[in-house]
Amino acid sequence: MEKSSKKRGRPMLWVLTAILTLGVLAAAAYFTVFHINHFSLELVLTGEPKVLLEYGDSYTEPGVTPVLRGTMFLKDGYTPGNLEIRRETDLNEGKLGKYTITYCAEWLNCQASAQREIRVIDTEAPTITLTEDPEGSLEEGVIYQEAGFTATDNYDGDITDRVVRTEEPGLVTYAVTDSSGNPAVAKRKIPMRDMVLPEILLEGGEDYVITLGTRYEEPGFTATDNVDGDVTAMVQVEGEVDWLTAGTYPITYTVADSCENTAVVTRNVEVVTQPWQDTVYPEGKVVYLTFDDGPSAYTEQLLDVLDDYGAKATFFVVGSGSGRMMKQIVNRGHSIGIHSVSHDYGQIYSSPEAYFDDLMRMQSIIYDNTGVKTTLMRFPGGSSNLVSRKSCEGIMTFLTQAVQDAGFQYFDWNVYSGDAGETKKTEKVVDNVIEGIEQHRVSIVLQHDIHSYSVDAVEDILRWGKRNGYRFLALSPDSPGFHHDLNN
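Just so it is clear, the model here is predicted, and its values are computed rather than measured.

A. A look at the pairing of strand β9 (residues 149-153). In this sheet, β9 lies alongside strand β7 (residues 127-130) in antiparallel orientation, the contact comprising 4 bridges. By the bridge assignment, T127 is partnered in β9 with T152. Between β9 and the antiparallel strand that follows it, strand β10 (residues 157-158), lie 3 residues.

Here you go:
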């Protein structure tokens, strides 16, 4: 019986031993977790730590998350459930300013807090409302009577008394700024009854004179208006000038301002002719040697020969000729005249305008090289040419009159040397010229200083002429032109 009692007591001992062991282990675990593994509590804000809240909007709490961390265990953090977080704030959504929300929490002996800054701001601009004007416009010089206006702000309310009003002709500007610095601007256009016409000023005056043959170029103009300012670009110009026909041509300038006040000014362009030069025949026996199409490589030799005999001549030059030799011609006392720039019949005789453009260009070329503005000229092919008919019917009839109206003197010839195709022999050129001179008391001889055989003939002609009592002169504006009969 006693053995049996001892056996029954052993299990109880084991149980007590187990309970004691578990208690020791639990105590050890508690000591390890809470004394060796130190904990800390942190509150992590959801969203931004600083929030801008527009005045009039409602604040929505983004939230906060508690995080528990240990030095040995739970290093990555742990969010304990059902942890109470206290929230304290002075936020007033209806008033601009800076506010703070404070979050607090506790877990066992761990405490944590965090803060979020809230700024209530106003970025909405005020509204300016203009009272509608009564119908009608304002005459210039009358002070505008304000129709009225109001200004309101979503935060400040009625701020009409803060509006700054500025007035200028035809426009009133209203500007206001609320307490947050948000600006607003409104403009009222004042309909003006402008009775003042624009003013057009013509450069060169309302009466303008050009010489026939001088292409008309607009001298210029400006237009201003008392309200619109510079309105030159709005001017309409009407009218044409026939610069090759004498007469008076009206050019009309019209401009209207924004109030439809219209100004009109007229410029009368008068195309005038020059008086024709009276012809004076020289006394005695006179020869006018003339040379076309140069200057060329042979012209200097020709000038030397003329100097040796004390003779003067006339050179009708072209655009391709040497500028240096043009200067030599003038410096040595000879006359220089216009032949053409290009000597292209089809081009220069295509129209009266084309001919005069060529004529004036060649006059400028001569002036640029010599300082002389010559009015002496010779038509390419002479006034009796037939080639011009291919380009413009009747042009020579028109041009022979027009060039003289423009102040030029054209010269044909009554002695032809034959050096433009009939012969290339110097002796024949000499014979042709002498034979022609013998038939006239006054002769204009046609030669070309671009041909060496013709230049070589000059000395024999001069020697014969001097021996027979002829004077060799240069053409002048009053010299006889020996105009040919016209064929076109």
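B. Just the side chain of S479, in detail. With respect to the helices and strands, the residue S479 is situated in the segment after β29 (471-472). A residue is classified by how much of its surface remains accessible, and S479, at 5% relative accessible area, is buried. A distance of 2.9 Å separates a polar side-chain atom of S479 from the backbone nitrogen of S476. In this structure, S479 is in contact with T279, V280, Y288 and F411, ignoring residues within four places of it in sequence.

C. Seen up close, the pattern of salt bridges. Evaluation of the coordinates by the stated rule reveals 16 salt bridges. Close ionic contact of E61 with R116 constitutes a salt bridge, the shortest N to O distance being 3.5 Å. Residue E61 is found in the loop between β2 (50-54) and β3 (64-70), and its partner R116 is found in strand β6 (residues 110-121); the two are separated by 55 residues along the sequence. You can call R116 buried: its relative accessible area is 0%.

D. Structural view of the sheet that holds strand β11 (residues 164-168). The strand order β11-β12-β13 describes an open sheet built from 3 strands, whose pairing is antiparallel. Of all strands in the sheet, those bounded by a partner on one side alone are β11 and β13 (183-189). This sheet shows a mean twist of 15° between the axes of neighbouring strands, independent of strand direction. Pairing between β11 and strand β12 (residues 171-177): 5 bridges, direction antiparallel. Paired with E167 across the strands is V172, a residue of β12.

E. Examining unusual backbone geometry more closely. Cis rather than trans, the peptide bond between G294 and P295 has omega equal to -5°. One non-glycine residue, E260, lies in the positive phi region at around 65°. Looking at the element boundaries, E260 is found in the loop between β20 (247-256) and β21 (262-272). Assessed through its relative accessible area of 67%, E260 is described here as exposed. A positive phi angle is found at F482, which is not glycine, with a value near 50°. By secondary structure assignment, the location of F482 is in the segment after β29.

F. Region of the structure containing the packing of aromatic side chains. A complete count under the given rule lists 15 aromatic pairs for this structure. On the basis of an interplanar angle of 90° and a centroid distance of 6.1 Å, the ring pair of Y355 and F356 is categorised as edge-to-face. This pair shows no difference in class: Y355 is buried, exactly as F356 is. Here the aromatic cluster, defined as three or more aromatic residues joined through ring pairs, consists of W243, Y345, Y349, Y355, F356, F379 and Y410. Geometry around Y470 places K285 over its ring, the cationic atom sitting 4.4 Å from the centre.

G. Examining the sheet that holds strand β15 (residues 199-202) more closely. The 3 strands are arranged β15-β17-β18 in an open sheet whose pairing can be described as antiparallel. Because the sheet does not close on itself, it has two edges, and the strands there are β15 and β18 (229-230). Bridging between strand β17 (residues 221-225) and β18 involves 2 bridges; their strand directions are antiparallel. The residue of β18 that forms the bridge with D225 is G229.

Conventions and cut-offs
- Residue numbers here run from 1 along each chain, matching the order of that chain's written sequence.
- With the structure being a predicted model, the display of local features is reserved for residues of pLDDT at least 70 and the display and counting of side-chain atom pairs for 80 or more, all residues being used for whole-chain, interface and lining totals.
- To get the side-chain values, take all heavy atoms of the structure and skip hydrogens and water.
- The pairing criterion is simple: DSSP has to find at least two bridges between the two strands.
- Counting from the N terminus, the helices are the DSSP runs of H or I reaching at least four residues and the strands are the DSSP runs of E reaching at least two.
- Only protein chains enter the area calculation, which uses a 1.4 Å probe; residues under 20% of their type maximum are buried, those over 50% are exposed, and those in between are partly exposed.
- Counted as a polar contact is a pair of N or O atoms within 3.5 Å, where, for protein atoms, one must be capable of donating a hydrogen and the other of accepting one, and residues adjacent in sequence contribute only when both atoms are in side chains.
- Residues count as neighbours in contact if any of their non-hydrogen atoms are within 4.5 Å of one another.
- Salt bridge, as applied in this entry: a Lys or Arg side-chain nitrogen positioned within 4 Å of an Asp or Glu carboxyl oxygen.
- Here an angle of 0 to 180 degrees is reported between the N-to-C directions of two axes, which are lines fitted to C-alpha atoms, with helices fitted over the stretch in contact.
- Aromatic rings from Phe, Tyr and Trp, with only the six-membered ring used for Trp, were paired whenever their centres fell within 6.5 Å, and each pair was classed as stacked if the ring planes differed by under 30 degrees, edge-to-face if by over 60, and tilted otherwise.
- To sit over a ring, a charge needs its Lys NZ or Arg CZ within 6 Å of the ring centre and within 35 degrees of the ring normal.

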